[in-house]
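# An overview of the molecular structure
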Amino acid sequence: MAKRKSDYFGLSYLVSVILAIILPTSYICGVVTRIMEGKIVAGILRIILGWNIIWILDLIFMIISKHIFRILPI
């Protein structure tokens, strides 16, 4: 059975959920992940908005769908 990868840098699901639970790491990983995907505007929005409701949405989405919340789904 292949190991399923999650959104934070291709790390395992368990490690990604742990990183999503801790606010500073979730904030940094969310910004870096979006910028690495080439979504500069989404990365900037995460810098501005990433410490409040986005953190909660990231946590919920990471647990349910194994991917972070996409502010701009482009």
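Residues numbered from 1 in each chain as written. Predicted model: local features only at pLDDT ≥ 70, side-chain atom pairs only at ≥ 80, totals over all residues. Heavy atoms only, no water.

### Things to note about helix H2 (residues 23-36)
In this model, H2 (14 residues) spans 20 Å end to end at C-alpha, consistent with the 20 Å of a helix rising 1.5 Å per residue. On the buried face of H2, the contacting elements are helix H1 (13-21), helix H3 (40-49) and helix H4 (53-65). (Helix = DSSP H or I, 4+ residues; strand = E, 2+ residues; numbered from the N terminus. Expected span 1.5 Å × (residues − 1). Contact = heavy atoms within 4.5 Å.)

### Some details on the nonpolar core
If you look at the biggest cluster of nonpolar residues, it comprises seven residues: Tyr-8, Val-17, Leu-19, Ala-20, Cys-29, Met-62 and Ile-68. At three residues, the largest contribution of residues to this core is made by H1. Contacts of Cys-29, omitting those with residues within four sequence positions, involve Tyr-8, Phe-9 and Leu-19. (Core = buried A, V, L, I, M, F, W, Y, C linked by side-chain atoms within 4.5 Å. Buried < 20%, exposed > 50% of the residue type's maximum accessible area, 1.4 Å probe, protein only.)

### Let's talk about the pattern of salt bridges
Throughout the structure, instances matching the rule amount to three salt bridges. The partner of Arg-70 in a salt bridge is Glu-37, with the nearest N and O atoms 3.1 Å apart. Of this pair, Arg-70 sits in the segment after H4 while Glu-37 sits in the loop between H2 and H3, and the two are 33 residues apart along the sequence. Judged by its relative accessible area of 26%, Arg-70 is partly exposed. Under the relative-accessibility criterion, Glu-37 is labelled partly exposed at 31%. The partner of Asp-58 in a salt bridge is Arg-46, and the shortest N-O contact between them spans 2.8 Å. Taken together, the residues Asp-58 in helix H4 and Arg-46 in helix H3 connect sequence positions 12 residues apart. (Salt bridge = Lys/Arg side-chain N within 4 Å of Asp/Glu carboxyl O.)

### Things to note about the packing of H1 against H2
One way to put it is that H1 packs onto H2 with a least axis distance of 5 Å and a crossing angle of 110°. As summarised for this structure, H1 and H2 are arranged roughly perpendicular, according to the angle between their axes. Residues Leu-19, Ala-20 and Ile-21 of H1 lie in contact with H2, whose contacting residues are Leu-23, Thr-25, Ser-26 and Cys-29. Looking at the contact of H1 with H2 residue by residue, the classes come out as five nonpolar, two polar and no charged. (Axes fitted to C-alpha atoms, helices over the stretch in contact; angles between N-to-C directions. Parallel < 35°, antiparallel > 145°, perpendicular 65-115°, else oblique. Nonpolar A, V, L, I, M, F, W, Y, C, P; charged D, E, K, R; others polar.)

### Overview of the packing of H1 against H4
When two helices pack together, their arrangement is given by the angle between their axes and by how far apart the axes lie. One can describe the packing of H1 onto H4 by two numbers: an axis separation of 9 Å at closest approach and a directional angle of 165°. Here H1 is positioned roughly antiparallel relative to H4, judged by the angle of their axes. Handedness of the crossing formed by H1 with H4: left-handed. Here H1 contributes Tyr-13, Ser-16, Val-17, Ala-20 and Ile-21 to the contact with H4, which in turn contributes Trp-55, Leu-59, Met-62 and Ile-63. Within the contact of H1 with H4, the residues separate by chemical class into eight nonpolar, one polar and no charged. (Left-handed = near helix turned anticlockwise from the far one by under 90°.)

The values are spatial; any link to function lies outside them.
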